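Residue-level listing of the chains:
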Protein chains: 2
Amino acid sequence: MAHPVSPLAPKSYPDLPAIEGVRFATAEAGIKYKNRTDVLLMAFEEGTVAAGVLTRSKCSSAAVDWCRAHLPGGKARGLVVNSGNANAFTGVKGRESVELTADYAARALGCSTAEIFLASTGVIGEPLPAEKFAGVLDQAATRLAPTPWIEPAKAIMTTDTYPKLSGAVVEIDGIEVKINGIAKGSGMIAPDMATMLSFVVTDMPVSAEVLQALLARHVQTSFNAITVDSDTSTSDTLLAFATGKAAVEPLTTLDDPRAEVFGAALSDVLFELAIHVVRDGEGATKQVSVHVEGAVSDASAFRIAKSIADSPLVKTAIAGEDANWGRVVMAVGKAGEPADRDKLAIRFGDLLVARNGERAAGYDEAATSAYMKGEELELTVSLGLGDGRATVYTCDLTHGYITINGDYRS
Amino acid sequence: MAHPVSPLAPKSYPDLPAIEGVRFATAEAGIKYKNRTDVLLMAFEEGTVAAGVLTRSKCSSAAVDWCRAHLPGGKARGLVVNSGNANAFTGVKGRESVELTADYAARALGCSTAEIFLASTGVIGEPLPAEKFAGVLDQAATRLAPTPWIEPAKAIMTTDTYPKLSGAVVEIDGIEVKINGIAKGSGMIAPDMATMLSFVVTDMPVSAEVLQALLARHVQTSFNAITVDSDTSTSDTLLAFATGKAAVEPLTTLDDPRAEVFGAALSDVLFELAIHVVRDGEGATKQVSVHVEGAVSDASAFRIAKSIADSPLVKTAIAGEDANWGRVVMAVGKAGEPADRDKLAIRFGDLLVARNGERAAGYDEAATSAYMKGEELELTVSLGLGDGRATVYTCDLTHGYITINGDYRS
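All values derive from a computational prediction rather than experimental measurement.

So, the packing of aromatic side chains
Residue and element names in this part refer to chain B.
- Inspection of the entire model under this criterion finds 12 aromatic pairs over all chains.
- On the numbers, 5.0 Å between centres and 70 degrees between planes, the contact of Phe 24 with Trp 149 is edge-to-face. In this pair, Phe 24 sits in strand 1 (residues 22-27) while Trp 149 sits in the loop between helix 3 (133-141) and helix 4 (150-155), placing the two residues 125 residues apart along the sequence. There is no split in this pair, since Phe 24 and Trp 149 are both buried.

Shown next, in the form of structure tokens:
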């Protein structure tokens, strides 16, 4: 199970600050992994609001169903996340596990089960023995602390090779408002929505409705704009919690100019977390930004960018450091979106490799090959049809992906 | 470039019979490969009709554009296929190459250029030096012969590890009518349409309209029902030629009961060729038939089957001989088609692994693991919603695919 740490991992991790109104503890429940934490309990003070975006899979997990049922309430007092078992496709037993877990957590934190949010990640189809959480959650509740944030980031990892954290501090009404986020995800990553799990906490006083609207907006250019392997998880969950402890006036409408400021900071955190998921994509050795411009619409540009970013042939070529723009043409062609072969232009970085439907006159094989040796690549396709544009972020497809996934369950 | 022969290759190849009205020769034009044939010239006697199905890529190759322009004429006297260069995304030069090639062939065979069909396969984006065909086609025209059919099958190979042939002899009006087919394809294989190239010849006297209708019908359950890597080629071409030399009454309407008999034989040939493409899928070690039943419609069943067959996580699990039905659930869930998690049943072969949305009560891990060691696997998903059904054929995803495609162009 132990795979080499991604070569794209950061050299250090941010030391995120405490956020008033939230404390947490991690524990070892021994669900699947040994000698590592696999449960996260997060406790929110009264008045915390919740928002979330969940997988669109038709086979969503029991925990996702639970969150979907309780998000409209908009109130949160606790979050329980376990790694090692997704509690997905587990039928009646799965629903019972979820209810039992919520019950344990509600008792440990002294709140109602409707205020508990849940997420699970790991193997699909194995029943989750929630009894194992009984003493574990009670005990964790006695150790709640506001830091260090790297601990929850570690406890939710599965095939991730490094913990993923991001934070922002934004000045609103002269007060420093904080946003901290953690995420896990490495494989089974594709819109919508590609996280697999991410949790963001802020002390901003914001209504559940505004938080939900900002989250839905900014997920489009972050978690919904990444793909590792085109496979959408049954468990994808992004939850945001606002404790409201910052001493500023509550944000209750999108018309409030502060919504833009707060939203931009939230967007930064979501984007950084999403990019971490790509950089820790199973077997990844390169991060690739696929830009499509000149499409008939933004939606069309997005579908073409995703077709390129999902193509096994494009991704293996990038792994081989081959500027194989012929495969990019193929991926544009198969997207089924308006495209005119003879207007296409393709750039790797700033290097024009093709224009007007054929190899560019000044194509420089040596310069292009040198560019492909980089760890962060930009691939731009210009369609020449309109103003539509979009970017999708992905990684290369290597032997590492096969090794990790050809022997995952056993 | 030389990769190990697929472990799923046949032990021997069929010795297809001569078909009256068609002769062929292969040659070495040295377009890309050394010391092997890379050009096929096929000559048809006057009266031969043609039908075809071409890629739906928006970036189709110059040769595909040529065939699309000339298929409505319905008449064929010659076919030129080259391997090593796809002549795709080659702009004006590509169109000039195609015209030059058709001109050479028409002169060599003494017919009009409109009666020449063309196909190219290989690298995308490199200009094709058609001048190299000049003497080659003239010389080939002096060596035309009715057998052996394995030679054209070999000349059109690219990353294929074995030549692909299939033949049928069907009795119509007491006369033996023949259908011979060849195909090439290994990667960049996905509906529609997944060949990449296939050519079928029959001596059946059949109108171009009926041949086209039968081809379009039977491609749905053959080349359009396979996927290796979800990538659709710019060059996919299936052409059928009928010399009309068999001494039976011409088949000119689908209402003729003989259309069923002839169509069934044609279907067998197309299906066998398509399965060969899957069995020679890049890096393949296992052939997988994905059956979906109980969907709301056949089209819905097909989209779910394709979602499963295209999933990198399902395919790597199969490579690892892991009956990871959790990933099958994931792939059903991401298809976006009607599905009720709690009605799903999944079988590997005859082994029921999941039913009613959870692991089957009698699930036998040992028996399932033993089944997964086989070379030909059947995976069946029952949705329990309606009568829709479909099957998609694919292969596993292994290190071999990465090796082949991470260093293809160089």
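Remarks on the pattern of salt bridges
- This structure, assessed with the given rule, holds 39 salt bridges over all chains.
- The shortest N-O distance in the salt bridge between Asp 342 of chain A and Arg 95 of chain B comes to 3.3 Å. With Asp 342 of chain A in the loop between helix 9 (325-334) and strand 11 (345-348) and Arg 95 of chain B in helix 2 (residues 91-109), this pair bridges two chains.
- Look at Asp 342 of chain A and you get partly exposed, because its relative accessible area is 27%.
- A salt bridge links Arg 107 of chain B to Asp 103 of chain B, with the nearest nitrogen and oxygen atoms 2.8 Å apart. One end of the pair is Arg 107 of chain B and the other is Asp 103 of chain B, both in helix 2 and 4 residues apart, which spans about a single turn.
- One salt-bridge network, held together by shared partners, links Asp 65, Arg 68 and Arg 95 of chain A together with Arg 341 and Asp 342 of chain B.

Here we look at helix 3 of chain B
Residue and element names in this part refer to chain B.
- Every buried residue of helix 3 is accounted for by Phe 133, Val 136, Leu 137 and Ala 140. One side of helix 3 holds all its buried residues, which, seen down the axis, span an arc of 90 degrees.
- Buried residues along helix 3 sit against strand 1, strand 2 (39-44), strand 4 (78-85) and helix 2.

Some thoughts on the nonpolar core
- Of all hydrophobic cores here, the largest spans 84 residues; its most connected members are Ile 308, Val 332 and Ile 346 of chain A together with Ile 308, Val 332 and Ile 346 of chain B.
- Residues contacting Ile 308 of chain B, with those up to four places away along its chain left out, are Val 290, Val 292, Val 314, Val 328, Ala 331, Val 332, Leu 379 and Val 381 of chain B.

Structural notes on the interface of chain B and chain A
- Each partner contributes residues to the interface: chain B has 65 residues there, and chain A has 64 residues.
- Carbon and sulfur atoms make up 55% of the surface buried where chain B meets chain A, a total of about 5200 Å² over both sides.
- The interface formed by chain B and chain A includes 8 salt bridges.
- Two residues, Asp 65 of chain A and Arg 341 of chain B, come together in a salt bridge whose shortest N-O distance is 2.9 Å.
- If you look at where chain B meets chain A, you find 19 residue pairs in polar contact (both at pLDDT 80 or more).

With respect to the sheet that holds strand 2 (residues 39-44) of chain A
All names here are of chain A.
- Here 4 strands make up an open sheet; going across it, the order is 1-2-4-5 and the pairing mixed. Of all the strands in the sheet, just strand 1 (22-27) and strand 5 (116-123) have a single pairing partner and so form its edges. When strand polarity is set aside, the average angle formed by the axes of neighbouring strands in this sheet is 10 degrees.
- Alignment of strand 4 (residues 78-85) against strand 5, held across 8 bridges, turns out to be parallel. If you follow Val 80 over to strand 5, its bridge partner there is Leu 118.
- Its contacts with the sheet put helix 3 (residues 133-141) on strand 1, strand 2 and strand 4, and the angle it makes with strand 2 is roughly 45 degrees.

Observations concerning the packing of helix 1 (residues 62-70) of chain A against helix 2 (residues 91-109) of chain A
Residues and elements named next belong to chain A.
- Where helix 1 contacts helix 2, the two axes come as close as 9 Å, and the packing angle between them is 60 degrees. Considering the angle they form, helix 1 stands oblique to helix 2. Once helix 1 is placed against helix 2, the crossing between them reads as right-handed. Contacts between helix 1 and helix 2 involve Ala 62, Ala 63 and Trp 66 on the former and, on the latter, Gly 94, Arg 95, Val 98, Glu 99 and Ala 102.
- The class makeup of the residues in the contact of helix 1 with helix 2 is 5 nonpolar, 1 polar and 2 charged.

Cut-offs applied
Residues numbered from 1 in each chain as written. Chains lettered and ligands numbered in written order. Predicted model: local features only at pLDDT ≥ 70, side-chain atom pairs only at ≥ 80, totals over all residues. Heavy atoms only, no water. Phe/Tyr/Trp six-rings, centres within 6.5 Å; stacked < 30°, edge-to-face > 60°. Helix = DSSP H or I, 4+ residues; strand = E, 2+ residues; numbered from the N terminus. Buried < 20%, exposed > 50% of the residue type's maximum accessible area, 1.4 Å probe, protein only. Salt bridge = Lys/Arg side-chain N within 4 Å of Asp/Glu carboxyl O. Arc of directions from axis to C-beta. Contact = heavy atoms within 4.5 Å. Core = buried A, V, L, I, M, F, W, Y, C linked by side-chain atoms within 4.5 Å. Buried area = accessible area lost by both parts, 1.4 Å probe. Polar contact = N/O pair within 3.5 Å; in protein donor to acceptor, adjacent residues only side chain to side chain. Pairing = 2+ DSSP bridges. Axes fitted to C-alpha atoms, helices over the stretch in contact; angles between N-to-C directions. Parallel < 35°, antiparallel > 145°, perpendicular 65-115°, else oblique. Left-handed = near helix turned anticlockwise from the far one by under 90°. Nonpolar A, V, L, I, M, F, W, Y, C, P; charged D, E, K, R; others polar.

So yeah, pure geometry; function would need other evidence.
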